Every structure is written in C-alpha cells, then in structure tokens.
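Given next are the chains, with one letter for each unit.
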Amino acid sequence: MIEQLRAKAKELLEKREAGVIIGYGRGTNETTATPVFITSPARAGELIFNPFCYNNLLTFVTRDEHKQLGKPAVVARECDMKAAIVLVQEDQIKADGIILLSVSCDEQGRADAACRFNGAMTIPEAEEWLKKNYRAKELTADKIAQVAELEKMSDAERWAFWSKEFERCIKCYACRQACPLCYCRQCIVEKNLPQWVLTSPHPAGNMAWNIVRAFHLAGRCIDCGECERACPVGIPLLALNRALQKEVLRAFDYVSGYDHAGKPVMASFKKDDDEEFIK
Amino acid sequence: MSEEFEPKITAFVCNWCTYAGADLAGTSRLKYASNMRVIKLPCTGRIDFMFLIRAFEQGADAVLVSGCHPGDCHYNEGNYYARRRWTVFRKLLNFLGIEEDRVQFSSVSAAEGRKWADLVNEVTGAVRKLGPFKGYKQLMEKSRFIQPVEAGK
C-alpha cells in the first residue's frame, strides 16, 4: 500500500501536477511520525503510513508558508478529506487547488495492516467517495456514548464536571493549532480591544476559551479528534464537539464535510427552522 | 436573611422590534419587574455569543435575547441567522451545565408592549426560582486577581 502511495506522490511531483506532497515521514525514532513536506520526486520514498501517523495534515494547507510551495497533494484519511471539503466550502482553498491522496484507516482513525490507498482524488471525487464509504459511520452510538452519558446528568453535575475539566486547561491553544478548521489569522483570543476572552489560565478564562473554541466549530467540526489528542491535559474536547454535531444534525439535518459547493450550515437558514425555544 | 433574591438579567434586544416594544411598555405606563438591563443592538444577527458570556462574567444571573418575529426583520433575514446560532448555542451552554432558563430567547414586536412586560415578569420569576448563578460567580471569584482591561480605560 505504501508503495502505491509513494509511486503516486512521485508521479504527481514529476508531472508537476502538485508542488508539494504533505504527508507523514519517520519521526525521531520508529514509534513517531512527523509531517513532511516533499517537493522533489527523489524524496517520495520518505513517505510512511503507520499507526503513529495521526496529525490532520489539512492544518497546513491554509498557512502562508506552505502555500508558497505550490499546489499541495495531501495524504488524507477520511476525516482529513472532510476537512479539505469544508475548507473549500468556506473558500479557504480552491476546489481545484488541492489533491487528496486518500488513505483508509481503522475505526480509531489509525493506520493498520488493513489500510488502503484509494488513489489521488479531487475534491468532488473525495466527496462522492465519502458519501459512499463513510457517511454511515458518522455519530454512531459509540461515538456519542460520552455525550449521552453527560446528557443524563443533572445541570449541576454537568457544570461540576466541565468546571473541573476546564480547570486543568493551561491555555496553550494546542487544540486550536491542531485543528484544520481553526484557520483565522487573528484568533479572537489574540484580540485585546476589547479583550473578549480572559487570557490567563484561570477558571473564568478557561470557561470562555472553551466555549469559544467549541462554538466556533459548531456545524463545521469534522470529528477528526485532533483537538482532544493534542490537548496536553486531556480535556474531553471531542465530547463538546460531538454534542454540537448531534444538535446540528437534529435541528438542521446536517453533517459537516459532505458538501463542498453548498453554504455552511451556520451561514444559511431555512424559514421553517426549529424555533420552539423562542418565546 | 429574609430578603428575596433579586436577579440581575441582561437583555440583548434589537433596535427595531423589541426595543420599540419595550419603549411602548414604558410609554403605556405598564408596571413590570425592574430586573432587566436592556442593551440595544441593531439586530439579533449582530449579537455575538461572546456578549452573553461577558454578561455572565460581569454578574448576570440570566440573559435574554429578543428580536423581531420571523419575517419582520428590518434587515430581512438577520433574525433567521440568529435563530440558527441560538439553537446550537443554547444547546452548548446546557451541555456545559447552565440551566436552560438562564438563557432565554423571545420575539417581541414593536406593537407588543404588553408581551414585553409579561415576558420580563415571567423570566424574572423563573430566574428568581433558580437563584443566583453561583457557578459563574464562583469562576469569577476564583479568577478575581486578574481582571480584564476594558477598552478606553
């Protein structure tokens, strides 16, 4: 499988169809992998794909320093492909400005022996492929098990749970940096006139930051889980994201990442949207 | 302490419908609870959810967002976008453990002075029953050594 991927990467670079391959390479030892940016066909053999490859590489395509390298061909698992589709939908990259080197991973999002290389895809092709092969795996019972468990608690219990979780937050913003959809050049936490989010890692600032992070991803999060993985203090951020995904699905019948040509769900409306909560 | 708890409620209202409705309640000399602090904005679509968080940070026990009825928006569709946003936002706050009654939404038109007065009484009653928003007050208490710098100060 990895040979197919390397061959395709080499071919894309040789034919100049892509300016840079963004993929995974060997890290400092056998049990780490690191993102690599390959611009010369001779280096295509450095690409690897194994259980230690977990970064969502779409994070890099919106950054200026990587844009300079030319059209990217990105090694992408299912959730990473959805990130690319949302980036096109939100006009951050052009639909023909990216190639996805689609790889399949297991249920945990890790590469394993059964992983496959599905070929190089354009955005519309990726969308079709996902609809056929991945749509049914969204928000399954085991994915929202933690959400369901929390929803069973009383309001006071949930408040206690989240306050305790957020207390550990050190405001490193790793969740934001790892997220392919947190692409703002100036994040709201870096604006200080007015200072919307209290910047110190104290309880009030942590609460505000975590609300901002979760809500700015409402209707956009593609459930790759990078925020939770990147979090050095282990806050269950994915549960927050999934609670919102669940609500967006219930209220607007929408799952993010399957519609590169449509409007984002929170930037559109229907006249008969649910309004039972409005007095 | 036999004094009844008087909640502080921040209302974010749109300029064209609810603010005019609240004004009508005043000019009609309707009497209603005085717990609401009204903040006027052009449209409910203008209301960033951070306004609500800031209100809680500054001691509000509840917030109310009120605008035009669907179809009546001065900017044609601002309240439709807002409606989607609040649908998800109130879910998020509730998922974090904030009681649903602390974050309320309504449509009050410029002609509905009576509805505004009744609404304020109703919301105030509901929040009075919930009591002070201890959760957020505790967060702020724990963070009291560091206060935000306000614009212009």
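Residues numbered from 1 in each chain as written. Chains lettered and ligands numbered in written order. Predicted model: local features only at pLDDT ≥ 70, side-chain atom pairs only at ≥ 80, totals over all residues.

**A word on helix α2 (residues 49–57) of chain B**
Counting buried positions over the nine residues of α2 of chain B gives seven, a clear majority of the element. For α2 of chain B, the full list of buried residues reads F49, L52, I53, R54, A55, F56 and E57 of chain B. Lining the buried residues of α2 of chain B we find α8 (203–216) of chain A together with β1 (9–14), β3 (62–67), α3 (78–95), β4 (103–107) and α5 (134–142) of chain B. (Buried ≥ 20, exposed ≤ 12 C-beta atoms within 10 Å, placed from the backbone. Helix = DSSP H or I, 4+ residues; strand = E, 2+ residues; numbered from the N terminus. Contact = placed C-beta atoms within 7 Å.)

**Here we look at the sheet that holds β4 of chain B**
All names here are of chain B. The strand order across the open sheet built from four strands is β2-β1-β3-β4, with neighbouring strands paired in parallel fashion. What marks the edges here is a single partner per strand, and that holds for β2 (36–41) and β4. Here the average twist between neighbouring strands, direction ignored, is 20°. (Pairing = 2+ DSSP bridges. Axes fitted to C-alpha atoms, helices over the stretch in contact; angles between N-to-C directions.)

**Concerning unusual backbone geometry**
Residue and element names in this part refer to chain A. Cis peptide bonds are those with omega within 30 degrees of zero, and the linkage from L193 to P194 qualifies with -5°. Mapped onto the fold, P194 is located in the loop between α7 (174–178) and α8. Phi angles above zero are rare outside glycine, and L139 is one such case at about 45°. For L139, the position within the fold is in the loop between α4 (123–133) and α5 (145–152).

**Structural notes on the sheet that holds strand β2 (residues 33–38) of chain A**
All names here are of chain A. The sheet built from five strands is open, its strands ordered β2-β1-β3-β4-β5 with mixed pairing. Of all the strands in the sheet, just β2 and β5 (116–121) have a single pairing partner and so form its edges. Each strand axis lies, on average, 25° off the axis of its neighbour in the sheet, ignoring direction. Relative to strand β4 (residues 99–104), strand β3 (residues 72–76) runs parallel, the two sharing four bridges. Bridge pairing in β4 places A76 opposite S102. The strands touched by helix α1 (residues 2–14) within the sheet are β1 (20–26), β2, β3, β4 and β5, with β4 carrying the most contacts at an inclination of about 180°.

**Topic: the environment of H69 of chain B**
Residues and elements named next belong to chain B. Relative to the helices and strands, H69 resides in the loop between β3 and α3. For H69, a count of 15 C-beta atoms within 10 Å translates into the label partly exposed. If we skip the residues at most four places from it in the chain, H69 touches S107 and S109.

**Regarding the packing of α5 of chain A against helix α10 (residues 237–252) of chain A**
All names here are of chain A. The contact between α5 and α10 brings their axes to 9 Å, and the two run at 85°. When the axes of α5 and α10 are compared, the pair comes out roughly perpendicular. Along the contact surface, α5 presents Q146, V147 and L150, while α10 presents A239, R242, A243 and K246. Tallied by class, residues from the contact of α5 with α10 come to four nonpolar, one polar and two charged. (Parallel < 35°, antiparallel > 145°, perpendicular 65-115°, else oblique. Nonpolar A, V, L, I, M, F, W, Y, C, P; charged D, E, K, R; others polar.)

**Quick look at the domain arrangement of chain A**
All names here are of chain A. As assigned here, chain A comprises domain 1 (2–137) and domain 2 (145–265). Centre-to-centre, using C-alpha coordinates, domain 1 lies 25 Å away from domain 2. Across the boundary between the two partners, domain 1 contributes 23 residues, which contact 19 residues of domain 2. Taken together, the elements giving at least two residues each to the side of domain 1 that touches domain 2 come down to α3 (78–89) and α4. (Domains from an automatic or database assignment.)

**Here we look at the pairing of β4 of chain B**
All names here are of chain B. Among the five residues in β4, five count as buried, and that is most of the element. Side chains of β4 alternate between two faces, with V103, F105 and S107 and Q104 and S106 buried alike. Pairing of β3 with β4 involves five bridges; the strand directions are parallel. Note on β4: the bridge partner recorded for G67 is S107. At this point the chain moves from β3, through α3, to the parallel β4, and the crossover so formed is right-handed. (Right-handed = clockwise from strand over helix to strand, strands pointing away.)

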